[in-house]
Amino acid sequence: MTYYSGFLLAVPTANKQAFIDHARKSWQFFRKKGALRMVENWGVDVPRGKVTDFYMATQAREDEAVLFSWVEWPDRETADAAYASMMEDPDMQDMGEMPFDGMRMMWGGFEPVLDETA
């Protein structure tokens, strides 16, 4: 069954192109590990809430945008094996520094319960 790794993070708006460049490198790395698809979404219409919102969740600052991203895997086993092997992969060292604060990034694994298309 298809499996998704989901990510929520804040990126300084001044680092938008650096983030895109980093994401392109990341895709090559994830694809090598068996990923089927990667989608990076730059927040352009993200409302602020009174109790909770994406900005509060990521502790985004005024000069940061919120990103919502996911990686699609053929199944959880492929994703688990990829993540287990990433730190030992020499290509991980070639990724360079992340253009955002990784300590404020959230991620998790998700199994679809509904998948509709037009």
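As recorded by an unreviewed UniProt entry, the chain carries the name RNA signal recognition particle 4.5S RNA and is attributed to Paracoccus halophilus.

Q: Outline the pattern of salt bridges, supporting the account with residue identities and numerical values.
A: Applying the stated rule across the entire model yields five salt bridges. We note a salt bridge from Arg61 to Glu64, for which the minimum N-O separation is 3.6 Å. Judged by its relative accessible area of 7%, Glu64 falls in the buried class. Here the salt bridges share partners, and the residues they tie into one network are Arg61, Glu64, Asp101 and Arg104.

Q: A description of the nonpolar core should follow, citing residues and the corresponding values.
A: Leu9, Val11, Phe19, Phe30, Val71, Trp73 and Phe100 are the most contacted members of the largest nonpolar core, which totals 18 residues. Secondary-structure elements contributing two or more residues to this core are strand E1 (3-12), helix H1 (16-32), strand E3 (64-73) and helix H3 (76-86). Not counting residues within four places of it along the chain, the set of residues in contact with Phe19 comprises Leu9, Val11, Glu40, Leu67, Pro99 and Phe100. Of all hydrophobic cores here, the second largest spans six residues; its members include Leu8, Ala10, Val46 and Ala60.

Q: A description of H3 should follow, citing residues and the corresponding values.
A: Every buried residue of H3 is listed here: Ala79, Ala82 and Met86. The buried side chains of H3 occupy one side of the element, clustering within an arc of 65° when seen end-on. Facing away from the buried side of H3 by over 90 degrees, the exposed positions are Glu77 and Ala84. Looking at the buried positions of H3, the neighbouring elements they touch are E1, H1 and E3.

Q: Report on unusual backbone geometry, specifying residues and quantitative values.
A: Despite not being glycine, Gln59 shows a phi value in the positive range, around 55°. Looking at the secondary structure, you find Gln59 in the loop between helix H2 (54-58) and E3.

Q: Quick one: what's the story with the layout of surface pockets, residue by residue and with numbers?
A: The method is simple in principle: a probe with the dimensions of a water molecule rolls over the atoms, and the space it marks as empty is what remains. The calculated volume of the largest pocket comes to roughly 780 Å³. Phe7, Phe30, Tyr83, Met92 and Met105 are, among the 31 residues lining the largest pocket, the residues nearest its centre. For the lining of the largest pocket, the secondary structure elements donating two or more residues are E1, H1, strand E2 (37-42), E3, H3 and strand E4 (106-110). Take the lining of the largest pocket: its biggest share by element is six residues, from H1. When grouped by side-chain class, the residues that make up the lining of the largest pocket number 20 nonpolar, nine polar and two charged. In this model, the second largest pocket occupies a volume close to 170 Å³. In terms of lining, the second largest pocket is formed by Tyr4, Gly6, Arg37, Phe68, Ser69, Trp70, Phe110, Glu111 and Pro112.

Cut-offs used in this document
Residues numbered from 1 in each chain as written. Predicted model: local features only at pLDDT ≥ 70, side-chain atom pairs only at ≥ 80, totals over all residues. Heavy atoms only, no water. Salt bridge = Lys/Arg side-chain N within 4 Å of Asp/Glu carboxyl O. Buried < 20%, exposed > 50% of the residue type's maximum accessible area, 1.4 Å probe, protein only. Core = buried A, V, L, I, M, F, W, Y, C linked by side-chain atoms within 4.5 Å. Helix = DSSP H or I, 4+ residues; strand = E, 2+ residues; numbered from the N terminus. Contact = heavy atoms within 4.5 Å. Arc of directions from axis to C-beta. 1 Å grid on protein atoms, 1.4 Å probe; cavity = no way out; pocket = protein on both sides within 12 Å on 5 of 7 lines; lining within 4 Å. Points joined across faces, edges and corners; volume = space filled by probe spheres on them. Nonpolar A, V, L, I, M, F, W, Y, C, P; charged D, E, K, R; others polar.

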